[in-house]
Amino acid sequence: MSSTEPPPTPVAHLSDLPLREDLRGSSPYGAPQLDVPVRLNTNENSHPVPEAVATAVVEALAREVISLNRYPDRDAVALRTDLAAYLERSTGLPISPEQVWAANGSNEVLLQLLQAFGGPGRTAIGFTPSYSMHPILTATSGTAWVDGGRGEDFALDGAEVAEQVRSAGDGGADVVFLTSPNNPTGTALDLDVVEAAYEATSGIVVVDEAYAEFARRGTRSAVALLPGRPRLVVTRTMSKAFALAGARVGYLAADPALVEALLLVRLPYHLSALTQAAARAAVSRADALLATVEATMAQRDRIVEQTRELGLAPVASDANFVLVGGLADAPAAWEALLARGVLVRDVGIPGHLRVTAGTEDETAAFLTALRELVAHGEVVARGEVTAESSVASGTLGR
């Protein structure tokens, strides 16, 4: 460059960059990370990892550190074997390691599915309000998104789902997202809805079961439908019931051929040796980690019962959170709770806030704050707002 030439103009704004047009104007996903006494906004497991499990994880990591000069097991075979055994024990259904795939959180699993089975010229459908990462991941993979709807009380009907799947895009949906228990409503699906969606498409059907361990007794997992359905996928996570949100481990169960397809799109050595070691140590002590599930479910049911007594309209939940409806002004209620040191989630559904079931003390703090709002007239109960009057779940809220 000549000394007389002016220096290049620095890039100062995102708008100056040659960003993909379909990403312009988008906002990154993210719930508020605020330093408050009670955080009940991200559906984390409020119970810390038990000391015995933490010790086992640290010991497993220590054994791996000496060989970090080598790449990890590229396909995480040992971890997948352990996860298959856990799924088989917990569901009572036969699962082989070849049917399991693992990645950095279930979000990466979902993205890999879209990379393999979505993409330009293909369409994905989800039924909102639901997990807001589904349309975001769909967009990042260049897949078209169709926003399917729900009926009264956020329910899904098999025939209506099938019709929406067939009508999505030019030739029907290539990827179908079903969530059970659903986020943010906490509602579980009848398996006939999954069957109807599967029969309505030649693409893949993904049942996101991130909160499956919290489902009420008698709720069946879509893992039961895997035999004979090579296009069906059930995704799970270790972030919720396993209390390992910081470790970032998700997995799926599907036909071995579908798992083989993901090898075409996964990054080499995508799951670090340390992550695999930590996850294996945790799975080997699943009983200790899952000991808090019953306590969490009790606090969830406590929220449902006591918010109903306050004249609100909670949605019966199979997850570790409750969608509380009947609020006259949800954003104002969110602000008022935050002022009292309690952080919950405004998911953008009018009249509703989502509340994670925390520890007994955290749940008590939320309920006490809510009672104060009701007593002071800051939260005015009204009739339940239905799914038909709600906004799309792509709204991230606060």
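Please refer to the structure higher up on the page.
The following refers to the structure shown. Computed from a predicted structure; not experimentally measured.

## Focus on a nonpolar patch on the surface
Then step 1. Side chains of V65, L68 and L274 sit close together on the surface and give an oily, nonpolar patch of about 240 Å² of accessible area.
Then step 2. You can see V65 is positioned in helix α1 (residues 51-65).
Then step 3. The partly exposed category is assigned to V65, whose relative accessible area is 49%.

## Details of helix α10 (residues 293-309)
Then step 1. The end-to-end C-alpha distance of α10 is 24 Å, a good match for the 24 Å that 17 residues give at a rise of 1.5 Å each.
Then step 2. Buried within α10 we find V293, T296, M297, Q299, R300, I303, V304, Q306 and T307.
Then step 3. Among the structural elements, β9 (313-314), β10 (321-325), β12 (353-356) and α12 (360-375) are those in contact with the buried residues of α10.
Then step 4. The positive-phi residue at the C-terminal boundary of α10 is G311, with phi of around 90°.

## A word on the pairing of strand β6 (residues 204-208)
Each regular strand carries side chains that alternate between the two faces of the sheet.
Then step 1. Among the five residues that make up β6, five are buried, leaving the element largely enclosed by the rest of the structure.
Then step 2. Covered by surrounding structure in β6 are I204, V206 and D208 together with V205 and V207, the residues of both alternating faces.
Then step 3. Read from strand β5 (residues 175-179) through helix α6 (residues 191-199) to β6, the crossover connection turns out right-handed.
Then step 4. Direction of pairing for β6 relative to strand β7 (residues 232-237): parallel, over a ladder of four bridges. Paired with V205 across the bridge in β7 is L232.

The rules behind these values
- Residues numbered from 1 in each chain as written.
- Predicted model: local features only at pLDDT ≥ 70, side-chain atom pairs only at ≥ 80, totals over all residues.
- Heavy atoms only, no water.
- Patch = residues over 30% accessible without salt bridge, like charges linked within 9 Å, V, L, I, M, F, W, Y side chains within 5 Å.
- Areas by Shrake-Rupley, 256 points an atom, 1.4 Å probe, with all protein chains shown as cover.
- Salt bridge = Lys/Arg side-chain N within 4 Å of Asp/Glu carboxyl O.
- Helix = DSSP H or I, 4+ residues; strand = E, 2+ residues; numbered from the N terminus.
- Buried < 20%, exposed > 50% of the residue type's maximum accessible area, 1.4 Å probe, protein only.
- Expected span 1.5 Å × (residues − 1).
- Contact = heavy atoms within 4.5 Å.
- Right-handed = clockwise from strand over helix to strand, strands pointing away.
- Pairing = 2+ DSSP bridges.

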